[in-house]
Amino acid sequence: AAACSICIVNPIDVVKSRLQMQGELAAAGGRKAFTGVASGLQQIYMMEGVRGLYRGLVPAILFQTVGNGIRFGVYYAGKQVVGVDKKMDSRTNFLLAMTAGGLAGVICCPFFTLKTQFQVQSSASELATGHQHAHRGVLDAVATIFREQGVRGFFAGLPAFVARCVMLVAAQMTTYDWVKDRIVKSKAPGDDGKVRDTPVDHMISSAIAAGAACVAMQPFDLIGSRMMNQPVSKTGQPVLYSSPVDCFNKILRSEGPGGLYKGVLANYTRMCPQYILTFMFFEQFMKVAKEDGSNARTDAQGAAPRSGGGWRQRQRGEKEPGEMAR
């Protein structure tokens, strides 16, 4: 579900990454390569083509697939383990979401680092924002980062990134379940006495969850992205920011509080359709999986022997009377 959705919204993610780097540690009023999401998409397409809009797609797919796999897996499996999968418990859901987000952040940090550096990298000097890396491909990027910084280069800004993931998942999953629960409870039962959620319910819940997640995680997302994209010295030491706290303080001094929310509109523009697509794909895939599992159990029950004698006959290779008649 995550891989399908990111392939659609990756161009907006590219614009978001570049907006976050625009005017890095510079006072307001400087030259701006991008003024918004729509103009950003148009400029990148005109000067870099479709390839520019899909920069970083491979690490983005890896990040979304592994990250969402962990988030959805830990969250929904955790709900079953603690027994809240059939009822609404916002506190438990929030704690499970934070756990899932933190775990996803630690594991997926290298993919996000690669994604950010590729998306910021521009083939047009007029559209360059932030530090420009010169990666020729995913393998070249991995080799370059490891050669210059070692393993720690893949985990630059890890504390901020983990905080980003925790806030994202806690707001996203909890809000989605809460809104969907309220929508379903407001409906009248069908002819069979059951109340069913629909794709429209999933869409509304996803859009609201995206807004909550975007507001909660935006400052951490920006700080993590800047730490991951910053240049390093010949000894592998970061040049601009020594820690997330240092990054936070420098952004406030140079760019003001608004600097922490650069690209927030682009982030929501990307997250809203992505979450709608992800949750809708997820819900439909889950329904198919449940139907397949139900059919498999029905088939297994229908094929089960009806008596102990029949079982013993099969063990001896004999046929039951009904089978002989057929």
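Residues numbered from 1 in each chain as written. Predicted model: local features only at pLDDT ≥ 70, side-chain atom pairs only at ≥ 80, totals over all residues. Heavy atoms only, no water.

Observations concerning the overall build of the chain
Point 1. Counting its secondary structure elements, the chain contains 11 helices and zero strands.
Point 2. In the chain, the succession of helices and strands from N to C terminus is α-α-α-α-α-α-α-α-α-α-α.
Point 3. When the 326 residues of the chain are sorted by exposure, 44% land in the buried category.
Point 4. Across the chain, the fraction of contacts at a sequence separation of at least 24, relative to all contacts at a separation of at least 6, is 78%.
Point 5. Within the structure as shown, the chain displays about 16,200 Å² of accessible surface, and the carbon and sulfur contribution to it stands at 63%. (Helix = DSSP H or I, 4+ residues; strand = E, 2+ residues; numbered from the N terminus. Buried < 20%, exposed > 50% of the residue type's maximum accessible area, 1.4 Å probe, protein only. Contact = heavy atoms within 4.5 Å. Areas by Shrake-Rupley, 256 points an atom, 1.4 Å probe, with all protein chains shown as cover.)

Digging into unusual backbone geometry
Point 1. Backbone geometry places L25, a non-glycine residue, at a positive phi of 55°.
Point 2. With respect to the helices and strands, L25 occurs in the loop between α1 (2-21) and α2 (37-53).

Quick word on the pattern of salt bridges
Two side chains bearing opposite charge may form a pair once their charged atoms approach each other closely.
Point 1. Under the defined criterion, the tally for this structure stands at 15 salt bridges.
Point 2. In this structure, the salt-bridge partner of K185 is D181, at a minimum N-O distance of 3.3 Å. Here D181 and K185 lie together in helix α6 (residues 158-185), a separation of four residues that amounts to about one turn.
Point 3. Its relative accessible area of 59% is what places K185 among the exposed residues.
Point 4. The exposure class of D181 is buried, given its relative accessible area of 17%.
Point 5. A salt bridge links D246 to K250; the shortest N-O distance between them is 3.3 Å. Linking D246 with K250, this pair stays in helix α8 (residues 244-255), spanning four residues, or about one helical turn.
Point 6. Judged by relative accessible area, D246 falls into the buried class, the value being 18%.
Point 7. In this structure, a network of salt bridges that share partners links the residues D13, K16, K115, R164, D221 and R270. (Salt bridge = Lys/Arg side-chain N within 4 Å of Asp/Glu carboxyl O.)

Looking at helix α4 (residues 90-120)
Point 1. Here α4 spans only 37 Å end to end across 31 residues, well under the 45 Å set by a 1.5 Å rise per residue.
Point 2. Taken as a whole, α4 carries its principal kink of about 60° at C108; the proline P110 stands between one and four residues after it. (Expected span 1.5 Å × (residues − 1). Bend = angle between axes of the 7 residues up to and from the residue.)

What about empty space enclosed by the protein?
Point 1. On inspection of all chains with the given rule, the structure shows one cavity of 30 Å³ or more.
Point 2. If you trace the largest cavity, you find 17 residues lining it, with F63, Q64, R164, R270 and Q274 closest to the centre.
Point 3. Those elements giving two or more residues to the lining of the largest cavity turn out to be α1, α3 (57-82), α4, α6 and α9 (264-303).
Point 4. No other element matches the five residues that α3 contributes to the lining of the largest cavity. (1 Å grid on protein atoms, 1.4 Å probe; cavity = no way out; pocket = protein on both sides within 12 Å on 5 of 7 lines; lining within 4 Å. Points joined across faces, edges and corners; volume = space filled by probe spheres on them.)

What to know about α2
Point 1. Across its 17 residues, α2 extends only 12 Å between first and last C-alpha, which sits more than 12% below the 24 Å expected from 1.5 Å per residue.
Point 2. What α2 keeps buried is the set V37, G40, I44, E48, G52 and L53.

Some words on a nonpolar patch on the surface
Point 1. Taken together, the side chains of Y45, M46, M47, V50 and Y54 define a hydrophobic patch exposed on the protein surface, amounting to about 520 Å² of accessible area.
Point 2. One can find V50 in helix α2. (Patch = residues over 30% accessible without salt bridge, like charges linked within 9 Å, V, L, I, M, F, W, Y side chains within 5 Å.)

Topic: the side chain of T129
Point 1. With respect to the helices, strands and loops of the structure, T129 is situated in the loop between α4 and α5 (138-149).
Point 2. Owing to a relative accessible area of 5%, T129 belongs among the buried residues under this scheme.
Point 3. The contact partners of T129, leaving out residues within four places of it in the chain, are R18, M21, Q22, A33, F34 and V120.

Brief notes about the packing of aromatic side chains
Here the distance between the centres and the angle between the planes together describe a pair of aromatic rings.
Point 1. All chains considered together, the criterion is met by six aromatic pairs.
Point 2. With centroids separated by 6.0 Å and ring planes inclined at 50°, the aromatic side chains of F63 and F161 adopt a geometry described as tilted. Within this pair, whereas F63 is found in helix α3, its partner F161 is found in helix α6, the two being separated by 98 residues in sequence.
Point 3. Residue class for F63 comes out buried when judged on its relative accessible area of 5%.
Point 4. With a relative accessible area of 1%, F161 lands in the buried category.
Point 5. Grouped by ring-pair contacts, the aromatic residues F63, F112 and F161 constitute a single cluster. (Phe/Tyr/Trp six-rings, centres within 6.5 Å; stacked < 30°, edge-to-face > 60°.)

Description of the packing of α1 against α2
Point 1. Two elements in contact, α1 and α2, have axes separated by 10 Å at closest approach and are oriented at 110°. One way to sum up the angle between α1 and α2 is to call them roughly perpendicular. The handedness of the crossing between α1 and α2 comes out as right-handed. Contact with α1, carried on its side by N10, P11, I12, V14, V15 and R18, involves V37, G40, L41, I44, E48, G52 and L53 of α2 and no other residues of that element.
Point 2. Here the residues of the contact of α1 with α2 sort into eight nonpolar, three polar and two charged. (Axes fitted to C-alpha atoms, helices over the stretch in contact; angles between N-to-C directions. Parallel < 35°, antiparallel > 145°, perpendicular 65-115°, else oblique. Left-handed = near helix turned anticlockwise from the far one by under 90°. Nonpolar A, V, L, I, M, F, W, Y, C, P; charged D, E, K, R; others polar.)

What about the confidence of the model for the chain?
Point 1. Of all residues in the chain, 87% attain a pLDDT of 70 or more, and the chain-wide mean is 85.
Point 2. The secondary-structure element of the chain with the lowest mean pLDDT is helix α10 (residues 308-315), recorded at 49, while α5 shows the highest, at 95. (pLDDT = per-residue confidence, 0-100.)

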